[in-house]
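Chains, contacts and geometry: an overview
What follows is each chain in one-letter form.
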Amino acid sequence: GAGVSQTPSNKVTEKGKYVELRCDPISGHTALYWYRQSLGQGPEFLIYFQGTGAADDSGLPNDRFFAVRPEGSVSTLKIQRTERGDSAVYLCASSLTVGPSYGYTFGSGTRLTVV
Amino acid sequence: SQQGEEDPQALSIQEGENATMNCSYKTSINNLQWYRQNSGRGLVHLILIRSNEREKHSGRLRVTLDTSKKSSSLLITASRAADTASYFCARRGRDDKIIFGKGTRLHILP
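Structure report, in brief.

Definitions and limits used
- Each residue is numbered by its place in its chain's sequence as written, counting from 1.
- Throughout, the order in which chains and ligands are written sets their labels, letters from A for the former and numbers from 1 for the latter.
- At least 70 in pLDDT is required for a residue's local features to be given in this predicted model, at least 80 for side-chain atom pairs to be given and counted, and no such filter applies to totals for whole chains, interfaces and linings, which use all residues.
- The side-chain numbers reported here are obtained from all heavy atoms of the structure, hydrogens and water having been left aside.
- Between any two strands, at least two bridges found by DSSP are needed for them to pair.
- Each helix corresponds to a stretch of at least 4 residues labelled H or I by DSSP, and each strand to a stretch of at least 2 residues labelled E; elements are numbered beginning at the N terminus.
- An axis is simply a line fitted to the C-alpha atoms; with a helix, the fit covers only the stretch in contact. Between two such axes, the angle follows the N-to-C directions and lies from 0 to 180 degrees.
- Here's how the labels work: a residue is buried when its accessible area is under 20% of the maximum for its type, exposed when over 50%, partly exposed in between, all with a 1.4 Å probe on protein chains only.
- Here, the term disulfide refers to a pair of cysteine sulfur atoms separated by no more than 2.5 Å.
- Pairing of aromatic rings covers Phe, Tyr and Trp, the last through its six-membered ring, and needs centres within 6.5 Å; plane angles under 30 degrees mean stacked, over 60 mean edge-to-face, and all others mean tilted.
- Contacts are assigned to residue pairs that have any heavy atoms within 4.5 Å of one another.
- We call a set of buried residues a nonpolar core when its members are Ala, Val, Leu, Ile, Met, Phe, Trp, Tyr or Cys and they connect through side-chain atoms within 4.5 Å of each other.
- Reported buried area values correspond to the accessible surface (1.4 Å probe) lost by two parts on association, with both partners' losses combined.
- Just to be clear on terms, a salt bridge is a Lys or Arg side-chain nitrogen sitting within 4 Å of an Asp or Glu carboxyl oxygen.
- Nitrogen and oxygen atoms within 3.5 Å of one another constitute a polar contact, given that in protein one can donate a hydrogen and the other can accept it, and given that sequence-neighbouring residues count only through two side-chain atoms.
- Only Asp, Glu, Lys and Arg are considered charged, only Ala, Val, Leu, Ile, Met, Phe, Trp, Tyr, Cys and Pro nonpolar, and every remaining residue, Gly among them, polar.

Quick notes on the sheet that holds strand E8 (residues 75–79) of chain A
Residue and element names in this part refer to chain A. Pairing within the open sheet is antiparallel, and its four strands lie in the order E1-E3-E8-E7. The sheet is open, and its two borders are formed by strand E1 (5–7) and strand E7 (65–68), each paired with just one other strand. The sheet shows a mean angle of 15° between the axes of neighbouring strands, taken without regard to direction. Looking at chain direction, E7 and E8 are connected through four bridges and run antiparallel. Residue pairing across strands places Ala67 opposite Leu77, the latter belonging to E8.

Rendered as structure tokens:
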């Protein structure tokens, strides 16, 4: 597609439930990044993929968070046993590749609310 | 915290004036990027400056980078109401992660 697509745009879930957030990057972009943004803060790095593999997952806050990108295109961020503190906007971005000359294109984000 | 320092945290100026936002960081970088965000949702990439560059221009935007001081500035000239937004600097390190600052909330007064 023309841009990075994230679905759903909003998700309300009950504490303890499992959620999946989807990111469809720009076609041909090999690098894909997930960020989380709380109100009034900058985006916080979670994980990035180069192709199918997670190149750096050091930002995932704990083992309830997991992300996959099985075919090197669409990625899914999975959160188990959600907690109220997981409420935030989850942003996905893609880049043609990694390297010093490339910027990111961001999706519009998924606003996750855990009640 | 992953986030660097940006100042000011908030800035209000009259339409037509210039707006300057600053960003500092601590580790070495491959590049530094500036983004704009409206209404807390999608970030829009504004400009990228590589570590071997000192200044870049794009329309009304001017970015400088001083790697010896580990700092960057974003200047918006002749501000407009549509420039009201949050502005973030993001630095790409050697590990290819991009780390964002906390942002500057810019408000252009009519």
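Here we look at the pairing of strand E3 (residues 19–24) of chain B
Residues and elements named next belong to chain B. Burial along E3 is one-sided: Ala19, Met21 and Cys23 are buried, while Thr20, Asn22 and Ser24, pointing the other way, are not. Strand direction decides the pairing type here: strand E1 (residues 5–7) and E3, joined by three bridges, are antiparallel. Among the inter-strand pairings, Glu5 is bridged to a residue of E3, identified as Ser24.

A short note on the sheet that holds strand E8 (residues 71–76) of chain B
Residues and elements named next belong to chain B. Ordered by their spatial adjacency, five strands build an open sheet running E1-E3-E8-E7-E6, and the pairing between neighbours is antiparallel. A strand with exactly one partner marks an edge of an open sheet, and here the two such strands are E1 and strand E6 (55–58). Neighbour to neighbour, the strand axes of the sheet diverge by 15° on average, direction disregarded.

Looking at the state of the cysteines
Linking two cysteines covalently through their sulfur atoms gives a disulfide. Residue and element names in this part refer to chain B. Under the criterion given, the structure shown has two disulfides over all chains. Here Cys23 is linked by a disulfide to Cys89, with a sulfur-sulfur distance of 1.9 Å. What sets the handedness of the Cys23 and Cys89 disulfide is the S-S torsion sign, and at about 60° it is right-handed. With Cys23 in strand E3 and Cys89 in strand E9 (residues 85–92), this residue pair connects regions lying 66 residues apart in the sequence. For the pair formed by Cys23 and Cys89, the shared burial category is buried.

Regarding the packing of aromatic side chains
Any pair of aromatic rings gets described here by the distance separating the centres and the angle formed by the planes. All told, the structure shown has twelve aromatic pairs over all chains when counted by the stated rule. Where Tyr33(A) meets Tyr104(A), the ring centres are 4.1 Å apart and the plane angle is 35°; that geometry is what we call tilted. Placement of Tyr33(A) in strand E4 (residues 31–37) and of Tyr104(A) in the loop between strand E9 (88–95) and strand E10 (105–106) is noted, with a sequence separation of 71 residues between them. The exposure class of Tyr33(A) is buried, given its relative accessible area of 0%. Residue classification places Tyr104(A) among the buried residues on the basis of a relative accessible area of 2%. Here the aromatic residues Tyr33(A), Tyr35(A), Phe45(A), Tyr48(A), Tyr104(A), Phe106(A), Tyr35(B), Phe88(B) and Phe100(B) are joined through ring pairs into a cluster of three or more.

Section: the environment of Asn22(B)
Residue and element names in this part refer to chain B. With respect to the secondary-structure elements, Asn22 resides in strand E3. Between the C-alpha atoms of Asn22 and Leu74, which are 52 residues apart in sequence, the distance is 6.4 Å. Once you skip the residues sitting within four places of it in the chain, Asn22 turns out to touch Glu5, Glu6, Asp7, Trp34, Ser72 and Ser73.

Some remarks on the nonpolar core
Met21(B), Leu32(B), Trp34(B), Leu74(B), Ile76(B), Tyr87(B) and Leu106(B) are the most contacted members of the largest nonpolar core, which totals 22 residues. Among the secondary structure elements, those contributing two or more residues to this core are strand E2 (10–14), E3, strand E4 (31–37), strand E5 (43–50), strand E7 (61–66), E8, E9 and strand E11 (104–109) of chain B. Core analysis: the second largest hydrophobic core is formed by 20 residues, Trp34(A), Phe49(A), Ile79(A) and Cys92(A) among them.

A closer look at the interface of chain A and chain B
Think of interface size as the accessible area that goes away when the parts come together; that is how it is often given. On the chain B side, the residues contacting the 30 residues of chain A number 24 residues. Carbon and sulfur atoms make up 44% of the area that chain A and chain B hide from each other, which totals about 2,000 Å². Across the contact surface, chain A and chain B share one salt bridge. Linking Lys97(B) and Asp56(A) is a salt bridge whose minimum nitrogen-to-oxygen distance equals 3.9 Å. Inspection of the region where chain A meets chain B yields five residue pairs in polar contact (both at pLDDT 80 or more). Broken down by class, the residue content of the side of chain A that touches chain B amounts to twelve nonpolar, 15 polar and three charged.

Just distances and angles here, no functional claims.
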